[in-house]
Structure formats: structure tokens, C-alpha cells
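# Remarks on the overall topology
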Amino acid sequence: MTLTLRALLGGSVALALAGAALAETTITVATVNNGDMIRMQGLMDDFYAKNPDIKVEWVTLEENVLRQNVTTDIATGGGQYDVMTIGTYEVPIWGKQNWLVSLNDLPADYDVDDLLPAIRGGLTVDGNLFAAPFYGESSMVMYRKDLMDAAGLTMPDAPTWADIEKAAAAMTDKAKEQYGICLRGKAGWGENMAFLTAMSNSFGARWFDEAWVPQFDQPEWKATLDTYLHLMNEYGPPGASNNGFNENLTLFQQGHCGMWIDATVAASFVTGKDSTVADHVAFALAPDNGLGKRGNWLWAWSLAIPASSQKQEAAKTFIDWATDKDYLALVASREGWANVPPGTRTSLYENPEYQKVPFAKMTLDSINSADPNAPTVKPVPYVGVQFVAIPEFQGLGTTVGEIFSAALAGQKSADDALAEAQSIVTDEMTAAGYIQ
Amino acid sequence: MARAHSPRRMLITTIAAWGVALLIFFPVLWMILTSFKTEASAVASPPQLFTADWTTENYAEVWARSDYPRFFWNSVVISVGSTLLGLALAIPAAWSMAFVPGRRTKDLLMWMLSTKMMPAVAVMVPLYLVFQKTGLFDTRIGLVLALMLMNLPIIVWMLYTYFKEIPGEILEAARMDGASLWNEIVHVLTPMAVPGIASTLLLNVILAWNEAFWTITLTTVRAAPLSAFIASFSAPQGLFYAKLSAASAMAIAPILILGWFSQKQLVRGLTFGAVK
Amino acid sequence: MATQSSRLAARLMVAPSVFVLFVWMAVPLAMTLYYSFRLYRLLSPDRSGWVGFTNYLWFFRSPDFWQAIANTLALVGGVLALTIVFGILIALLIDQPVKGQGVLRILVIAPFFVMPPVAASIWENLFMHPQNGLFAALARGLGAEPILFLESYPMMSVIGIVAWEWLPFATLILLTALQSLSPEQLEAAEMDGAGAFGRFRYIILPHLTRAITVVILIQTIFLLGIFGEIFTTTQGGPGSASTTLPYMIFKQAIVAKDIGRAAAGGIIAVILANIIAYFLMRGIGRHLDS
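What counts as what
Residues numbered from 1 in each chain as written. Chains lettered and ligands numbered in written order. Predicted model: local features only at pLDDT ≥ 70, side-chain atom pairs only at ≥ 80, totals over all residues. Helix = DSSP H or I, 4+ residues; strand = E, 2+ residues; numbered from the N terminus. Axes fitted to C-alpha atoms, helices over the stretch in contact; angles between N-to-C directions. Left-handed = near helix turned anticlockwise from the far one by under 90°. Contact = placed C-beta atoms within 7 Å. Nonpolar A, V, L, I, M, F, W, Y, C, P; charged D, E, K, R; others polar. Domains from an automatic or database assignment. pLDDT = per-residue confidence, 0-100.

Each helix and strand counted, chain B has 12 helices and 0 strands in total. Counting from the amino terminus, helix and strand elements in chain B follow one another as α-α-α-α-α-α-α-α-α-α-α-α. In terms of principal-axis extent, the alpha carbons of chain B reach across some 70 × 65 × 30 Å.

Residues and elements named next belong to chain B. Where helix α5 (residues 105-114) meets helix α7 (residues 140-164), the closest approach of the two axes is 8 Å, and the angle between their N-to-C directions is 145°. The chirality of how α5 crosses α7 is left-handed. Listed contacts from α7 to L109, M112 and L113 of α5 are P153, V156, W157 and Y160. Of the residues contributing to the contact of α5 with α7, the split by class is 7 nonpolar, no polar and no charged.

Now for the domain arrangement of chain A. Assigned domains within chain A: domain 1 (2-137 + 299-355) and domain 2 (139-296 + 381-431). The C-alpha centroid of domain 2 of chain A is placed 31 Å from the C-alpha centroid of domain 1 of chain A.

This part covers the interface of chain A and chain B. Accessible area lost upon the coming together of the parts is a frequently used measure of interface size. Each partner contributes to the interface: chain A provides 26 residues, whereas chain B provides 24 residues. Along the lines of polarity and charge, the residues of the side of chain A that touches chain B split into 9 nonpolar, 13 polar and 4 charged.

The subject of this paragraph is the confidence of the model for chain B. All names here are of chain B. Mean pLDDT over chain B stands at 84; residues scoring 70 or higher make up 91%. Looking across chain B, the model is least confident in helix α12 (residues 241-272), with a mean pLDDT of 74, and most confident in helix α4 (residues 68-99), with 93. The model gives residues 269-276 a pLDDT under 50, and that stretch makes 21 contacts with residues more than four places away or in other chains. Across the interface, the model reports ipTM at 0.87; the global pTM reads 0.90.

Turning to the interface of chain C and chain B, a few remarks are in order. Counting from both sides, the interface comprises 88 residues of chain C and, opposite them, 90 residues of chain B. Each residue belonging to the side of chain C that touches chain B can be placed in one class, and the counts come to 65 nonpolar, 19 polar and 4 charged.

Position of A:G190 among the secondary structure elements: in the loop between β7 (179-182) and α9 (192-202). In the structure, A:G190 is positioned 207 residues away from A:G397 in sequence and 8.1 Å away in space, judged by C-alpha atoms.

Here it is in C-alpha cells:
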């Protein structure tokens, strides 16, 4: 009954597109509650003016809850959503399962070649673009220029980890609750492990070798974890094992942090109205160790259509509207260039108006320096910079994240933590059939 | 309440009771205060009880950002509906267990409670599939049924306890007078059990109102209640405590006001409970 | 006492509740049991099949498992102790004739109105935070180092938060029971020369036993399933210091998307709950009759 009704509706869309205006189609769009997505919901009058026959129902949820709901829906073929907001981690996995609709047939004026190559590469599986990027981000160093000046130091545009340590030491004054560096410590594959995995790339470490053997027993991981623990124990804020993106953002905005290495989108917050240090913030690329890779990640919140959707044409029309160049211009005209969703299109960064935004260039350089298909120094069998795009990674990453978080809290040594991570990941990868 | 109290003692207990009550209430009060602050002063260090820049902008933003009335109405329908349906099933059951107990009544009670022993997350996918296949997914009736079944054991238990307080002789007497079973329940038992039923009702409306796992897992748009509304305000990006506080205040306000107005009813109900 | 027909009527009146609850329990339980012996990962549907007891063994072999069981028991026991002791004290206090009794009672039950994820978030960020929390400000005001609640005392912090959430429930049930205590009884005791403690020990407490029993049983069932507050505040950490059994299941179901393991964990949780319920009923079940 419902199915035939849906088939009829689906058919009506095809007819409507063919020129015969028929009944209104309602599509359900699931999205995260990030600022850029919320802004889009306020601009829907433009979409309705152009597409009077499509109505959009929003499901706006916090990231974790959203991921849980859309994953359950897509894996069980629920068909409740017509457009889903998903990240660079999900796209390769879901694309391989044929759970997503290919977006290769978007209209020519969508200009798919304008998408930033690194971002587009992360959303493409076997030549099919499975999701359209809404905004992209990398990570970079945000630091307090006033504190650096006071210490007589200058931050290079492309610092090394040694530069970072020197700066952290100089800016730390615990009596004034001023900590040289704030980094993520909260356990989770998208929290501390996003940071640590990206950081480990710059140390030449990798999660797995070409035969899927875990590499936590290698010296590169030891160097990564030792450096991280040293920085945080000596120069970090107390209770850091519970700090995620948001906690660190708050600390930085209040002036407790000298440096913070995190998502490029944070730039607009630390220079925004809620920040007490807005006038003193400067940016630098994520650090490296002279090995040719930097410790920055790559992420894009993207719009995709589940194969179970019965209204794929209407969904495509919506995605085209929400991610094409006209949308960027629309946001700019209503809310200013600084509020345009960043990190998706080359043309945006070539626009002289956008180049005036203070963190524009650093964001672009950071995104361009991350390569999901060759994330680290040595070859790897997986895709992903700060994650490993295999279904098992959310569980593995979170488990390892807990172990490293415990090391940060002083509950175990770095060596014990690495040995434990190695043993658990080996067990899980064997059980999952990667290691024969 | 015939006992005499000296004014002095009344003063001391009043101060003590208010002190304790304010201490328990303080986090809620703090949340409400936070909802009127700017995001920056919400996390000011050291925390400020009062700030200079009071604002209602958080409420305006929360209101503008989502369809509050729809979430609100879904919450009302789901929590009240599931509680009333639960009471309709539970009152007769609790009556019979309290006044005509069999050998296995206690086991039956315990078994009812045991239906709640499975952790919700463990049955997430099975129940999700059941709801999908039966067309109950994202419907208010589906959530009414789910929450009713989830809380039914609690309703039966609480009613059973309160009914047990009522001396069986009163019912015996009514029966002697030739009251039918129906009359016995409606005209004799229920009035005496009003306090118990009132507090069961209140507690279960709150339990259903606050349920934040199934109500989010089993809905998308049409049936999503205030728990989903809240889940759209704990933002992973940017400061959000003031906005989250405002959204939370909006989510608890209706039930707080309900509690406030039903207070007289409730207190009268509660004091009626001095069954002799 | 009861006639044949009223017995029959009584059975008929229980039947609907029993029937719907049976269906509600049996269907998910059967499905969970089925999945617990299967390899079923949401994101790898191509790999599936029967795996015997593998999913169960994963739990028993996990280094976190026994810690999680201990934490689960600590959570249940700790919250029960706090809510019952303070619940009785508060119920006794607000049962007294005091000024503004109505408002007072609303204030006391207010924590129950706050959705658990919000309550946890408020406690974490506005109270326990080492920089911005109210406790840290108090500590600094007294010249002490702020306590790192969630890092140094994660389990105690979680217990404190959950106890605050459930205190109104216990208080309300105990208060309702307290009000059915006849003043004459207390007066008689007073005339017999019983002191305040004696009245409490020999009259009030016995009167409250059934209510306490109910609070224990109902809360235990709820507390055995708690994971949301842990996810919001400590993520079960640092390490596994505040991981409970439901949180382990939560991680398998929601994070790792391993439905088979989550199902096995669910069955283990049901068995654990039954063991606890058995001892509870043996210990306090007799207070339910009388």
C-alpha cells in the first residue's frame, strides 16, 4: 500500500520533471546541527521559489545521534530519509555496499570539476561521486600571537613539532591558568583518535601495513604518543582526558590556551563574537616532522541519497541547489562571505572577495595538503587521513582512543597503552578476517 | 494533622526544608539562569550568578530554529497517551493482585518488572525492525504503545503498593452491601486510591516525557517529541550551553507548569492518603 | 475470602496486562537471542552466519568485562543508598507543616523533570568542569586546587549525577507512603515516652518498608540499564574506569555497530538482572505482602 503510493509519487516526480506539473513531493533531509546546516534551513525560501513542487522536511540532530539514526536506516533499508548528511568516513564504505545513489548525472552547471580535488577524491568510489560536499575542513594550528610576541617567538607558517613544543613551553604559565597547548583528549574515533591518527601521519606512523597488520608496536607510534603525552602533561590544561572539540574551543575562547590544533572551522569561532581573544588569534599549518606529511586531517560533511529513497529525483534537485556555486553566492549575499560554507570549491578560493576572509588561505592550504588516498609516509591498504575507512574502524578507533585517553589521565604508561592497543586491534582484525 | 507545633519549631523546619529544597533545585535554577546569559558569559570563569548582559536571544533563536509547537504537541500526546492507556490496563490488574492475590502474585509482579531488564541498546535493532515492518515507525501511536509497555510494569507496581495500603475490610463492607465489582472499583476503591493514582500518573508522565532513547530512535519527523528537539541543540560546534539551557528550559517548562498547577490537586490527593 | 467468581474476574483483569507485556518481552527477547548467536554487523552485511558462542565469549574475554560488572553494581548500589537515605530524610522534612509547602515540593521533584542527557550535560559543564565549573570556582575561592571529578573520580561523579536525578522519585514515593501514617499512632508513641529517634525507628521506618522495597526494586531495574549519562560525561573512561555493562553494550551497538555482540551483551545483562532480582526478592520481597 505505502509502497505503491510511494512508487506513484516517485513517478509523479519524473513526470513533473518531464514538464507536466503534478503533485508536490515531500523529501526528508537528515542533517547535523552545525551552524552552516542551520543557516541553510533559513535560506529555504530561495529553494522553494525555484522548486515550488518540492517540500523539504528537516530532521536536525546532534552528530552522534544523527549518525546512529541514518546508519540504522540505511543498513536495514528503512527508507525513511531521502537525503542524508554524512561524512568522508561513511561515503567510501556505504558506496561500496551500493547503499548510495551515484551523483555522476548532476546537471552540467553543477561543475563537478570545480570541487577541491582532495575532497572530491574522498567522496568518490570507483569513479562514482556518491556524495556532494556541503562544507569541507582540515585542521591547523590556532595560536595566540600576543603571547608569542610577549615570549619573543614567531610561529612559522609551516611549523615543526619542535617549534610547537618550544612555543608551548614559552606560553605556559600555570599560575595564571594559561596553558601552552590544548589538544583533544576525550576518547572516541572522532575525538582524540581523529587528532592522534592525523598527528601520527606526520611521524610516519600508520594504523596498518599493507597486510593489515596493526603497527602500534612500531617506533613511529611510540614517538607520536610520547610527544603527545609530553606536550599535554607539561603544557596542557588539567583534566584534558575529558576535553573534546567543544571543551577546547571554550578554553581557547576564554584565553586559557596558547595554541590549539583542531578543525579549520574553529577559526570562525575563535575570531568570533563569543571569543575574548578574537583580536589576537593567528593561524599556521598543522605541524610536521620533515617527513613530507603534516598532521592535519580532511573531513567533509556531504549530502548523499540512500538507494532506498523513493524520491531520488527530488532529492537530487535539492542536493544540486544546496551544494552548487549559486548557493555560495546566495549565502554571501545574505550573510556575508565569512559565513559561506568553506572548503568545497576551487572557485570560492579564487574569488577576491572571499580571499579577504582571514583564515581562507590557511584553510585551503591545509585541505590541499591532506591526501586521503596516501595519508602517511609509508603505503597503506586503506583510505582516510584521520580514520581508516573500514566498517570496523568506529569500534576500533574508540577502543584505542579509550586506551590513549587513560594514558593521558596517567592510568597507564605509553608503552603499556601501545601494547594493549596492538593486542586488541590484532584480535579484532583477525576476527574480522583481514589478517589471515 | 492534629499535632501541635510550636512556632519556633515551625520556623526551624521551614528554614531547613527550604535550604534542602533549594540545594536540590539549584542545578535546575542554574540552568534557567544560564539560559538568559550570552554564550560567552555562560562559561565565564569564575562563574557568575548574575551577569550584566541578560538576554532572551537564546529563546528567540531556539524558537526560530525549530518547530517547537510540533515537538511539544508530540510530547504531550505521547506522554499523556501512554500513561492513560497504561493506567487503564494497570488499575484492574493492580486491583486484582492487591485484593485477590493468588499464590503466584508476587512472582507475576516480579516477572512484569523483569520485562524491563533488557538494556534498551541491546534490542535497538530488533525493535527498530519490528517498528519498520509494522508501519509503527515514526507514528505517535507507535510511541504511545512503546512507552506504555515500557512503563506498564512501573504503573502496576506503584498502584499495587498504594492499593495494598487500603484495608480490605472496606471493600468487604461494600461487597456486603451488594456493590458490583465495577461499583466496588469505581466508587469505593478509586476515590480512596486517588493519591496513589495521582502520584503514579505524575511520575509516569514525567518518565515518558523524559524518555530520550526510543523516542529519538523510532522517529524521524512526524512523531518526534521534545527529546529530539533537545538533541538538535547540543551542538558539536561552537558554544551552546546557553542555547541548550534555553532549549531544556523550554522542554521542562510545560511539565513544571503542569506540576505547579496540579500541585493543589496533588497535595490534596497526597494528604487524602491518610487512610485509617 | 474471595468467591470463585471474583477469583475468575481477578484473573481476567490481570490478563490484558500480562498478555501485552508477554508479547512485548517475548518478541524482542527471541530476536535478541537469535542475533546473539549470529555474526551481524550493520556495516558489513555481506559477512553473516552462525557463530555459536563467539559473541558471548568476546564479553567474557574482554579485559573490561569484570570491571564493567563491578561498576554496574557500584552504580546501582551507590545510587540506591544515596537516594533512599536522603529520600527518607527529605520526605520527613517536607512532610512537616512548613511555610510554602506546595512550592517546596515542586522544587524538590524538579530534577526529575530534566531529561537525563541534559542533566548530565549540565553537571559536566556547569558544575564539574575543572576551569568553568562552579565546583572549581568554589575550590579556588577556598584556595584549593580544583578537583578533576571526571578524570580522578569518574564513577563517583556518575553516581552523584544519577542519584540527583533519581532522588525526587524516591522522595515522592516515600512521601506518599509517609502521609498514610496515622498521626494518632505517632501521638500514642509520643505519650508512651518515645523520643524522636524511637518514633522513627519503631513506627515510621516499619511503615515505610514497603515503599522502600518498591523504590529499591523499581530503581534497580532502571539503574541496571543506564548508559546515557556515562556517554555524556565520561565516555566510560578514563580507560574503562567508568564503563558499565550497558555502556559496553552501547559501544558495541551504536559505535561498533556489532549487533550480534550487543545482543549477546543484552542476554548477559538480563541474566545479571535476574540474579540481582532473585537476591533482592529473597532479601526484601517479604515486605511486599502484609
